[in-house]
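Coordinate inspection notes
Read off the chains here:
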Amino acid sequence: VFYYIQVAINRYSLTTLLSGCHIIFAIRVFLYSVLPKSQPWLVLLIEPLHGITAAGMWSCSVEFGRRLAPEHSKARMQAIASGVYYRAASGAGSLIWSYFTRPEPEGYGFPKMYALAGVTMLCWSLLWNFGWRQQQHKGWAGCATSAIDS
C-alpha cells in the first residue's frame, strides 16, 4: 500500500483518502466483532484491511503535515504528528481498551468494543467531513485548506 499511495494522493484529495480509511477501518473492526469464536482463522481474511488503513492514514497524515507546515518547520510537524500518534493516542487507547475490553461483567469484551469502535469511527468521519466542508464553505480565517486539499 505504501508503494502505491502516492498515486492515490496525486489523484484524490487528502480528505477523500482519509474518509476512505475511516470507512475501511469501520468495516474491519465490525468484521472483528462478528468473527465466530469457532473459526479464528477467518481473521486472516480481514487483516489485510489493516494494511490499507494504516498505510493510507499514515501517508495522508505525513502529506497533510508536509503541506500545512512552513518550509522551515516541516521536520517539527512530522515529529508532532508522530508524537501524537505513537505516544498520546496509543497510550490513551491502551488505557481505555484495557479497561473496557475485559470480559463481562468487569468490562464489555472485545466483540462489543470492536462494534463500538466501528460506529465511533463512522460518527467521527461524518463529523470531521461536516466540519471540513463547513470550513471550506465559510473560508474560516487561518485555515489553509487550499494548500492541504489541493
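Just above sits the structure.
This report concerns the structure included in the present document. Everything numeric here is computed off the predicted structure, so don't read it as measured data.

Details of the overall build of the protein
Each helix and strand in the protein was counted, giving seven helices and zero strands. Each helix (α) and strand (β) of the protein, taken in turn from the N terminus, gives the series α-α-α-α-α-α-α. A separation threshold of at least 6 residues defines the contact pool for the protein, and within that pool the share at least 24 residues apart is 59%. Of the roughly 10000 Å² that the protein leaves accessible, carbon and sulfur atoms contribute 69%. Side chains of the protein give 12 positive and 6 negative charges; the mean places of these two sets differ by 4 Å.

Brief notes about the pattern of salt bridges
One pass over the structure, following the stated rule, counts three salt bridges. Between glutamate 63 and arginine 66 there is a salt bridge whose closest N-O contact spans 2.5 Å. Of the two residues, glutamate 63 and arginine 66 are both situated in helix H4 (residues 48-68); the distance of three residues between them amounts to about one turn of the helix. Taking relative accessible area as the criterion, glutamate 63 reaches 10% and is therefore assigned buried. For the salt bridge of lysine 112 with glutamate 104, the shortest nitrogen-to-oxygen distance reads 2.9 Å. The exposure class of lysine 112 is partly exposed, given its relative accessible area of 46%. Look at the salt bridges and you will find they share partners, linking Glu63, Arg66 and Arg67 into a network.

Things to note about a nonpolar patch on the surface
Where nonpolar side chains cluster on the molecular surface, the patch consists of Ile23, Ile27, Phe30, Leu31, Val34 and Leu122 and spans about 500 Å² of accessible area. Of the residues forming the nonpolar patch, the biggest block, four residues, is contributed by helix H2 (residues 14-33). Inspection of the secondary structure puts valine 34 in the loop between H2 and helix H3 (43-46).

Rules of the game
- Residues numbered from 1 in each chain as written.
- Predicted model: local features only at pLDDT ≥ 70, side-chain atom pairs only at ≥ 80, totals over all residues.
- Heavy atoms only, no water.
- Helix = DSSP H or I, 4+ residues; strand = E, 2+ residues; numbered from the N terminus.
- Contact = heavy atoms within 4.5 Å.
- Areas by Shrake-Rupley, 256 points an atom, 1.4 Å probe, with all protein chains shown as cover.
- Lys, Arg positive; Asp, Glu negative; His and termini not counted.
- Charge placed at Lys NZ, Arg CZ, Asp CG, Glu CD.
- Salt bridge = Lys/Arg side-chain N within 4 Å of Asp/Glu carboxyl O.
- Buried < 20%, exposed > 50% of the residue type's maximum accessible area, 1.4 Å probe, protein only.
- Patch = residues over 30% accessible without salt bridge, like charges linked within 9 Å, V, L, I, M, F, W, Y side chains within 5 Å.

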